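Structural features, examined
Given next are the chains, with one letter for each unit.
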Amino acid sequence: MTEAAWLPSPGDGIAEGIAAAIRERTPVEPAAGVVLGSGLGRVIDIAGQAAGRSDGVEFSYEDLPGFPSPSVLGHAGRMWIGELGERPVVVFRGRLHFYEGHPMALAALTSRVAALLGARVMVLTAAAGALDRALDPGTLVVLRDHINAMGENPLRGWRMPDGSPPFVDLSQVYDPDLAAAALAAAAPVVEGVYAAVSGPSYETPAESESLRRAGGTVVGMSVVPEAVAARALGMRVLGLSFVTNAAGVQVSHEEVLVASETASEAIGRVLVEVLGRF
Ligand code: HPA
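What you are looking at is a predicted structure, and each value in this text was computed from that prediction instead of being measured. (Residues numbered from 1 in each chain as written. Predicted model: local features only at pLDDT ≥ 70, side-chain atom pairs only at ≥ 80, totals over all residues. Heavy atoms only, no water.)

The subject of this paragraph is the overall build of the protein chain. The helix and strand tally for the protein chain stands at nine helices and nine strands. Over its C-alpha atoms the protein chain spans a radius of gyration of 17 Å, differing by no more than 12% from the 19 Å that the globule rule assigns to 278 residues. Once the C-alpha set of the protein chain is aligned to its principal axes, its extents read approximately 50 × 45 × 35 Å. Considering the protein chain as a whole, with its 278 residues, one finds that 54% of them fall into the buried category. Surface exposure of the protein chain reaches about 11200 Å², of which carbon and sulfur atoms provide 51%. Positive and negative charge centroids in the protein chain, built from 20 and 31 side chains respectively, lie 3 Å apart. (Helix = DSSP H or I, 4+ residues; strand = E, 2+ residues; numbered from the N terminus. Rg over C-alpha atoms; globule rule 2.2 N^0.38 Å. Buried < 20%, exposed > 50% of the residue type's maximum accessible area, 1.4 Å probe, protein only. Areas by Shrake-Rupley, 256 points an atom, 1.4 Å probe, with all protein chains shown as cover. Lys, Arg positive; Asp, Glu negative; His and termini not counted. Charge placed at Lys NZ, Arg CZ, Asp CG, Glu CD.)

See below:
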């Protein structure tokens, strides 16, 4: 067996099995998939209140055959599927990170599962460190583009169901209409470029400076695998990151989780605004 043959990719049965297990539990066909980053677990409750209605079911990734459980504090490893306001959505409370040891292709599993369930939009949220020193913790950064400095491409080894490699156009990963809607719905908010690193260690000051000079606004350890996979699957992508700390200065994961908790409020409201617009 060649290496490419066992790297997770469409048609391998992994996402297909998970999607089938979800369909057995609920008839809801989500229009959008949402991935909640570290410490953002409360977003569903907040969005439900803002939308005036939330009606859904929630279950653990452990109940879905083939779905690895996230091992990171602050990532619940639960999936919510239902309606927020009038919009059917699937919300992944916890993602699979490259730094946990998962292959890049598996770090993109959420996008594959959402696409199989029928979602045409992927909303990716994530805590991030500010490379731009003018950004205060608490600022929402709507992604305009990204730099993949993770050292690997999430589509390596992928075969599309017809057997072809996915030579995907990434000239516009993040959907401008969704980004404009998010920018209009939040404050403080800026548009920016997400520099993705593999982690799990945070950046040295020199690494932060080099990513900033390369054009990064914020730095984080996720988003890119799911965003690139979503584009390969023809989905529209909204990237929302939230500044929890200045990059390259002393930072702890606990500090990031506390700052993310306060971000839940803003992201919940933006989510409802954006979901109402497509
Ligand atoms: N670096 C990388 N990822 C992060 C950071 C950071 O400073 N803060 C939150 N996620």
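So, on to the site of the ligand. In the vicinity of the ligand, the contacting residues are Ala127, Ala128, Gly129, Tyr202, Glu203, Val219, Gly220, Met221, Thr244, Asn245 and Val256. At 3.3 Å from a nitrogen atom of the ligand is found a main-chain nitrogen or oxygen belonging to Gly129. Between the ligand and the protein, one listed contact pairs a nitrogen atom with a side-chain N or O atom of Glu203 at 2.7 Å. Notes on the ligand: free accessible area 260 Å², of which the protein chains cover 95%. Breaking the shell around the ligand down by element, the ones donating at least two residues are β5 (121–130), β8 (218–220) and β9 (236–246). (Near = heavy atom within 4 Å. Polar contact = N/O pair within 3.5 Å; in protein donor to acceptor, adjacent residues only side chain to side chain.)

Here the focus is the packing of helix α2 (residues 14–25) against helix α5 (residues 109–117). α5 packs onto α2 with a crossing angle of 55° between their chain directions and a minimal axis gap of 9 Å. Considered as vectors, α2 and α5 are oriented oblique to each other. α5 is crossed by α2, and the crossing has right-handed handedness. Together, Ile14, Ala15, Glu16, Ile18, Ala19, Ile22 and Arg23 of α2 and Leu109, Arg112, Val113, Leu116 and Leu117 of α5 make up the contact between the two elements. Looking at the contact of α2 with α5 residue by residue, the class counts come to nine nonpolar, no polar and three charged. (Axes fitted to C-alpha atoms, helices over the stretch in contact; angles between N-to-C directions. Parallel < 35°, antiparallel > 145°, perpendicular 65-115°, else oblique. Left-handed = near helix turned anticlockwise from the far one by under 90°. Contact = heavy atoms within 4.5 Å. Nonpolar A, V, L, I, M, F, W, Y, C, P; charged D, E, K, R; others polar.)

Residue pairs spaced three or four apart in an α-helix point in one direction, given the helix's 3.6 residues per turn. For α2, built from 12 residues, the straight-helix expectation of 16 Å at 1.5 Å per residue is met to within 8% by its first-to-last C-alpha distance of 17 Å. Among the residues of α2, those classed as buried are Ala15, Ile18, Ala19, Ala21 and Ile22. Within α2, the buried residues cover an arc of 160° as seen down the axis, which keeps them to one side. On the buried face of α2, the contacting elements are β2 (54–60), β3 (78–84) and α5. (Expected span 1.5 Å × (residues − 1). Arc of directions from axis to C-beta.)

This part is about the confidence of the model for the protein chain. This prediction gives the protein chain a mean pLDDT of 87; 95% of its residues lie at or above 70. Residue range residues 1–5 is modelled with pLDDT below 50. Its contacts to residues more than four positions away, or to other chains, number three contacts. (pLDDT = per-residue confidence, 0-100.)

Before going further, it helps to spend a moment on the pairing of strand β1 (residues 32–36). Burial of β1 is extensive: five of the five residues sit out of reach of the surface. Burial along β1 is two-sided: Ala32, Val34 and Leu36 facing one way and Gly33 and Val35 facing the other are all buried. Bridge count for β1 against strand β4 (residues 87–93) is five bridges, and the pairing is parallel. Bridging from a neighbouring strand, Leu36 pairs with Arg93 of β4. Across four bridges, the pairing between β1 and β5 is parallel. Looking across to β5, one finds that Gly33 is bridged to Met122. (Pairing = 2+ DSSP bridges.)

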